[in-house]
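Coordinates in review
Listed below are the residues making up each chain.
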Amino acid sequence: MKVTLKIWRQPDAASDGAMHTYEVDDVSEDMSFLEMLDVLNEQLNARDEEPIAFDSDCREGICGMCGLMINGEPHGPEVTTTCQLHMRSFKDGDEIVIEPWRADAFPVVKDLCVDRGAFDRIIQQGGYISVNTGAAPEAHSIQVPKEAADRAFDVATCIGCGACVAACPNGSASLFMGAKITHLGELPQGQAERDTRVVSMVAQHDHEGFGGCTNIGECTAACPKEIPLDVISQLNKDLRTALQHGH
Amino acid sequence: MTDMPDTTLTSDPSYHEPSAGESDDAVGYYVPGDPIIDAKAPDGPIDERWSTRKFEARLVNPANRRKLSIIIVGTGLAGASAAATLGEAGYVVKSFCYQDSPRRAHSIAAQGGINAAKNYKEDGDSVHRLFYDTVKGGDYRSRESNVYRLAEVSTNIIDQCVAQGVPFAREYGGLLDNRSFGGVQVSRTFYARGQTGQQLLIGAYQALERQVHAGTVTTYTRHEMLELIVVDGKARGIIARDMVTGAIETHLADVVVLASGGYGNVFYLSTNAMGSNVTASWRAHRKGAYMANPCYTQIHPTCIPVSGAHQSKLTLMSESLRNDGRIWVPKKKEDCAKDPRDIPEADRDYYLERIYPSFGNLVPRDIASRAAKYQCDDGRGVGPEVEGVRRGVYLDFADAIARLGREAVEEKYGNLFDMYARITGEDPYVVPMRIYPAVHYVMGGLWVDYDLQSTIPGLFVTGEANFSDHGANRLGASALMQGLADGYFVLPHTIRDYLADGPFETVAEDHPAVVEARTAVEKRIEHFLTVNGTRSVDSYHRELGNIMWEYCGMERTEDGLRKAIDLIRTLRDDFHRNVKVLGSADSLNQSLEKAGRVADFLELGELMCIDALNRRESCGGHFRAESQTEDGEALRHDDLYAYVAAWEYAGDPDSDAMGAPVLHKEDLVYTAIEMKQRSYK
């Protein structure tokens, strides 16, 4: 098939960007979306145009490195990561608009690459359980009800790709943060720091320039790992409790 | 990362070793060097060696630790865990990764689980049994002291991860669940559904970020190490490129740790991440670190086949699928393009069940992989033709669905079937899956002693980047174990003995050795950008991958390896004259990043072939066609090859001429285990 791509190109964070149009012929439906871009890049290289910069690493949907806004939807039309999206989701003659994540807290680095360092800085503010190596008790001394362990796992599958932020009209990272708060809050090991964790992480979130949550739900719809919206309720509940405790 | 029963081992009295011949196939390609006499493991009973070493390793006063600095390259399990632990101890740690966050390192993609000798099932597991299984799984080509230690600290890993909040699978009583995995008869594998690597890595990443908050660790994301700085024979820092600004940065430290992963991408197509590369290791190798057993590659039988020339990577499907799926190809070549459902039972060749009646579809990985290759070489492969050959075999669940019902199959394998459907566009509940082997892991890596120190003092190597624990074949659920063992529990003890010699003399940024390393990096970058040739970096990478896969893949022969070496040399030469890298040095430039990596793969590939040529035996993942039993099975030659091949770089450091590498042999001596031949009868 043949597709027409409209791609955001921007030399670096300081420069202005613009949409550019490219045609790609001979697209096979078995190609992944990123392989289609690989093909385009080979063609650009052959005609002395600099290839388009985009992020990807594992290309199996787990590392969270890839992430493109495709026709206005984070990761495109399927509930999966960009790297797992295949060209069979498109048809011959389609026009596809490709942009980087759009959010103040994720500045563009180049073309389709953005800086998601803000997520790391949120985790630095308490997205962990403080236990030094060697200080752990025997694993079976901590029992965790299966239900809690399963819920902790389900929300811990967040890959930190940032689709939730890109999808949110407010540019909020509440889903990302709620997933971590819920993961650690479900576990007995996570209780000691429960109050301080949520207060510090939320403060960092706001400091980074992410917007507030107004329960629109675009985040969970865009999430390739289907993190449920109720982690945001959990986040708000934990924050309220922490504030009541005087934090 | 997934696995299944790997092999049984017997001492077969009827087994006779044919003569391997005294000739060394690799004569002329290398220079014999002095043997490695001492890998520095303490003497004494095997179960006391690690305690002895920990006690004898000198301590560093907490007040002095903040005066000692450590660079760690890579943030996978082996790197993030080490950075966190050494930060907690109070050292000044700098952590580097090429991704945009430490959480993205490729450990994250490991599916199956992590082994630990907890014996929670009371099924006869023990440290000794895990040690034994790992050595035999490695086909008796690993160093026993290291493996024993790995088994010993495995239990601490689980404790640590649970305390960090890693959501392992649990039973209804709230205790941890285990499953059986990886060629063993006990249940010792801890898991978090099919995403164990992800959960363990996030645990280590969070511990790392906690230390960033504490101020002990500084992270450098989107930074790639491009050179090692060696001053007065000791590793003292790295030259790294800020991949966003293109700035070439000098980072100095008292010790350098490489936790930079494996080099499976030398094959272009593998289950590794797109960015996984050998550059950190290879640059260290060129500066004097020996590379050990580079030809040991693990090829996984159950991956989704290549669909076309555009293919950029391969995806692993859990090997557990072979428990219920039946593998077959058409008996007749003319049936290969047909809808498999139209091929009658009588015209199907369930070749594994036919050749290995007792193991059937559950033969070990290497056997299953080679058998698939043979069917396809024979023209009976299925799926789309890629470059004129169909490379795929069916993995058919029709019987399992009839026997167990669709729901039961869905319950067991649903997520895998979904993944398969997404990638191929075919419904595996209706049409048989197609699978083909793919490169998955490398057992070879930089040579390290018992302390995980390379042949360059002050350069330590952990995780997949080193060679030490898996011999010629790694068992499933053991990569995660090794990465975390090295980073949490081994390196922090052994590195302090080295650091106890500190404080070290300060190295100035204008020290000749630093300037030289920096200049070399700048020249190299300029070189790539000024060749102005006609071919893209990817096209060279793909061609190298084809050569490696054809001649240094599942089956290796003397003639093939010689041919590969010639082809690689020609290709490398052409690369440096004709590659085309656009863009500039002072901005994000992914073609430039790839050019550096491919240039190093082009050198590594040759060394892998020389190593494979030297080892005229079959062991683990290394199968030499010249060394097989009458039944076509792998044949080791312990009398000739029970050694680690540690290669010293001997090329001209100022050019791309590699020179003949020097081979140093470390004899493998087993005191706590008896060497046996694998058998599948």
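Looking only at helices and strands, chain B has 17 helices and 25 strands in total. A globule of 681 residues ought to have a C-alpha radius of gyration of about 26 Å, and chain B, at 24 Å, matches this closely. With respect to the three principal axes, the spread of C-alpha positions in chain B is 75 × 60 × 50 Å. Taken over 681 residues, chain B has a buried fraction of 67%. Here the analysis covers contacts within chain B between residues at least 6 apart in sequence; of these, 74% occur between residues at least 24 apart. Split by element, the accessible area of chain B, about 22300 Å² in all, is 49% carbon and sulfur. Computed over 75 positive and 97 negative side-chain charges, the inter-centroid distance for chain B is 3 Å.

Residue and element names in this part refer to chain B. For Cys303, the location among the structural elements is in strand β14 (residues 297-303). Exposure remark for Cys303: the relative accessible area of 1% places this residue in the buried category. Through-space distance from the C-alpha of Cys303 to that of Ile435 is 5.3 Å; in sequence the pair is 132 residues apart. If near-sequence neighbours (up to four positions away) are discounted, Cys303 is found in contact with Thr271, Thr315, Leu316, Met317, Arg434, Ile435, Tyr436 and Ala438.

Quite often, the size of an interface is put as the accessible area lost when its parts meet. On the side of chain B, 72 residues touch chain A, which itself brings 78 residues to the contact. In this assembly, chain A packs against chain B so that about 6300 Å² is buried in total across both faces, 49% of it on carbon and sulfur atoms. The largest share of the area that chain A buries against chain B comes from Asp57, Thr133 and Phe153 of chain A, three residues that together contribute 11% of it. With a closest N to O distance of 2.5 Å, Lys313 of chain B and Glu60 of chain A form a salt bridge. At the boundary of chain A and chain B, one finds 48 residue pairs in polar contact (both at pLDDT 80 or more). Looking at the side of chain A that touches chain B, the elements with two or more residues in it are α1 (33-46), β6 (108-110), β7 (113-114), α2 (117-124), α3 (146-156) and α5 (174-185) of chain A.

All names here are of chain A. When the domains of chain A are assigned, the result is domain 1 (3-110) and domain 2 (117-244). One C-alpha centre belongs to domain 1, the other to domain 2; they are set 29 Å apart. Carbon and sulfur atoms make up 68% of the area that domain 1 and domain 2 hide from each other, which totals about 1200 Å². A per-residue breakdown of the area domain 1 buries against domain 2 is headed by Val79, Ala105 and Phe106, which together make up 36% of the total. Here domain 1 and domain 2 share zero salt bridges between them. The interface formed by domain 1 and domain 2 includes two residue pairs in polar contact (both at pLDDT 80 or more).

A few words on the pairing of strand β15 (residues 326-330) of chain B. All names here are of chain B. Counting buried positions along β15 yields four of five residues, so the element is predominantly enclosed. Of the pairings in the sheet, the one linking β15 to strand β19 (residues 393-396) comprises three bridges and is antiparallel in character. Among the inter-strand pairings, Ile327 is bridged to a residue of β19, identified as Leu395.

Right, let's talk about the packing of α3 of chain A against α5 of chain A for a bit. Residues and elements named next belong to chain A. Contact geometry for α3 and α5: axes closest at 8 Å, N-to-C directions at 155 degrees. Between α3 and α5, the crossing angle belongs to the class labelled roughly antiparallel. You can see that α3 and α5 cross each other, and the crossing is left-handed. Together, Arg151, Ala152, Val155 and Ala156 of α3 and Ala179, Thr182 and His183 of α5 make up the contact between the two elements. Across the contact of α3 with α5, the residue classes tally to four nonpolar, two polar and one charged.

Let us look at the sheet that holds strand β7 (residues 187-190) of chain B. Adjacent strands of a sheet form backbone hydrogen bonds with each other and so pair up, either parallel or antiparallel. Residue and element names in this part refer to chain B. Taken in spatial order, the three strands line up as β5-β7-β6 in an open sheet, and their pairing is antiparallel. Taken across any chain shown, the strands that pair with only one partner, and hence form the sheet edges, are β5 (114-115) and β6 (179-180). Strand direction decides the pairing type here: β6 and β7, joined by two bridges, are antiparallel. Within β7, the residue paired with Ser180 across the bridge is Ser187.

Our focus in this paragraph is the side chain of Asp125 of chain B. Residue and element names in this part refer to chain B. Tracing the backbone shows Asp125 in the loop between β5 and α4 (127-137). Accessibility expressed as a relative area gives 6% for Asp125, which makes it buried. A polar atom in the side chain of Asp125 sits 2.8 Å from the side chain of Arg188. If we ignore the near neighbours within four places in the chain, the residues touching Asp125 are Ala116, Ala117, Asn119, Leu130, Val186 and Arg188.

Further remarks concern unusual backbone geometry. Across the junction of Gly502 of chain B and Pro503 of chain B, the peptide omega takes the value 0 degrees, indicating a cis bond. Relative to the helices and strands, Pro503 of chain B resides in the loop between α12 (479-499) and α13 (512-530). The backbone phi angle of Asn215 of chain A is positive, close to 55 degrees, even though this residue is not glycine. Secondary-structure assignment places Asn215 of chain A in the loop between α6 (194-207) and α7 (218-222).

Turning our eyes to something else, we now look at the packing of α6 of chain A against helix α8 (residues 230-244) of chain A. Residues and elements named next belong to chain A. Where α6 meets α8, the closest approach of the two axes is 9 Å, and the angle between their N-to-C directions is 110 degrees. The angle between α6 and α8 falls in the class roughly perpendicular. Here the hand of the crossing between α6 and α8 comes out left-handed. Along the contact surface, α6 presents Arg194, Asp195, Val198, Val199 and Val202, while α8 presents Gln234, Leu235, Asp238, Leu239 and Ala242. Of the residues belonging to the contact of α6 with α8, the class tally is six nonpolar, one polar and three charged.

Right, let's talk about the packing of aromatic side chains for a bit. All names here are of chain B. All told, the structure shown has 26 aromatic pairs over all chains when counted by the stated rule. Aromatic pair Tyr413 and Phe417: ring centres 6.3 Å apart, planes at 15 degrees, arrangement stacked. Here Tyr413 pairs with Phe417, and both are found in helix α11 (residues 406-424), just four residues apart, close to one helical turn. Look at Tyr413 and you get buried, because its relative accessible area is 4%.

In terms of nonpolar packing, the biggest core is built from 240 residues, with Ile114, Phe168, Leu228 and Leu258 of chain B touching the most fellow members. No other element matches helix α16 (residues 590-614) of chain B, which puts 13 residues into this core. Residues contacting Leu258 of chain B, with those up to four places away along its chain left out, are Val73, Met225, Ala280, Ser281, Ala284, Leu446, Leu459, Phe460, Val461, Thr462 and Ala465 of chain B. With 26 residues, the next largest nonpolar core counts Ile7, Ile70, Leu85 and Ile98 of chain A among its residues.

This paragraph deals with the state of the cysteines. Scanning the model with the defined rule gives zero disulfides over all chains in all. As a non-bridged cysteine, Cys223 of chain A has Cys161 of chain A as the owner of its nearest cysteine sulfur, 6.4 Å distant. Here Cys552 of chain B is not cross-linked by a disulfide; its sulfur's nearest cysteine counterpart is in Cys609 of chain B, at 4.2 Å. Classification of Cys552 of chain B by relative accessible area gives buried; the value is 0%.

Once that is clear, we can look at the pattern of salt bridges. Residue and element names in this part refer to chain B. Tallying each qualifying case throughout the model produces 79 salt bridges over all chains. With its nearest N and O atoms 3.2 Å apart, the salt bridge here joins Arg616 to Glu558. One end of the pair, Arg616, is in the loop between α16 and α17 (638-641); the other, Glu558, is in helix α15 (residues 558-578), with 58 residues separating them in the sequence. A relative accessible area of 17% places Arg616 in the buried class.

Residues and elements named next belong to chain B. With respect to topology, five strands assemble into an open sheet ordered β2-β24-β23-β13-β21, the strand pairing being mixed. Pairing within the sheet leaves two strands with one partner each, and these edge strands are β2 (31-32) and β21 (445-446). Of the pairings in the sheet, the one linking β2 to strand β24 (residues 662-667) comprises two bridges and is parallel in character. Paired with Val31 across the strands is Val662, a residue of β24. Most of the contacts of α16 go to strand β23 (residues 643-648), to which it runs at about 145 degrees, and overall it touches β13 (291-292), β23 and β24.

A word on the domain arrangement of chain B. All names here are of chain B. Here chain B is described as being made up of domain 1 (300-438) and domain 2 (512-639). Look at where the C-alpha atoms of domain 1 and domain 2 centre, and you get two points 30 Å apart. The partner domain 2 presents nine residues to the 13 residues of domain 1 that form the contact. Here domain 1 packs against domain 2, burying approximately 910 Å² in sum over the two surfaces, 52% of which is carbon and sulfur. Counting the surface domain 1 buries against domain 2, the share from its top three residues, Arg370, Lys373 and Tyr374, is 45%.

Rules and cut-offs
Residues numbered from 1 in each chain as written. Chains lettered and ligands numbered in written order. Predicted model: local features only at pLDDT ≥ 70, side-chain atom pairs only at ≥ 80, totals over all residues. Heavy atoms only, no water. Helix = DSSP H or I, 4+ residues; strand = E, 2+ residues; numbered from the N terminus. Rg over C-alpha atoms; globule rule 2.2 N^0.38 Å. Buried < 20%, exposed > 50% of the residue type's maximum accessible area, 1.4 Å probe, protein only. Contact = heavy atoms within 4.5 Å. Areas by Shrake-Rupley, 256 points an atom, 1.4 Å probe, with all protein chains shown as cover. Lys, Arg positive; Asp, Glu negative; His and termini not counted. Charge placed at Lys NZ, Arg CZ, Asp CG, Glu CD. Buried area = accessible area lost by both parts, 1.4 Å probe. Salt bridge = Lys/Arg side-chain N within 4 Å of Asp/Glu carboxyl O. Polar contact = N/O pair within 3.5 Å; in protein donor to acceptor, adjacent residues only side chain to side chain. Domains from an automatic or database assignment. Pairing = 2+ DSSP bridges. Axes fitted to C-alpha atoms, helices over the stretch in contact; angles between N-to-C directions. Parallel < 35°, antiparallel > 145°, perpendicular 65-115°, else oblique. Left-handed = near helix turned anticlockwise from the far one by under 90°. Nonpolar A, V, L, I, M, F, W, Y, C, P; charged D, E, K, R; others polar. Phe/Tyr/Trp six-rings, centres within 6.5 Å; stacked < 30°, edge-to-face > 60°. Core = buried A, V, L, I, M, F, W, Y, C linked by side-chain atoms within 4.5 Å. Disulfide = S-S within 2.5 Å.

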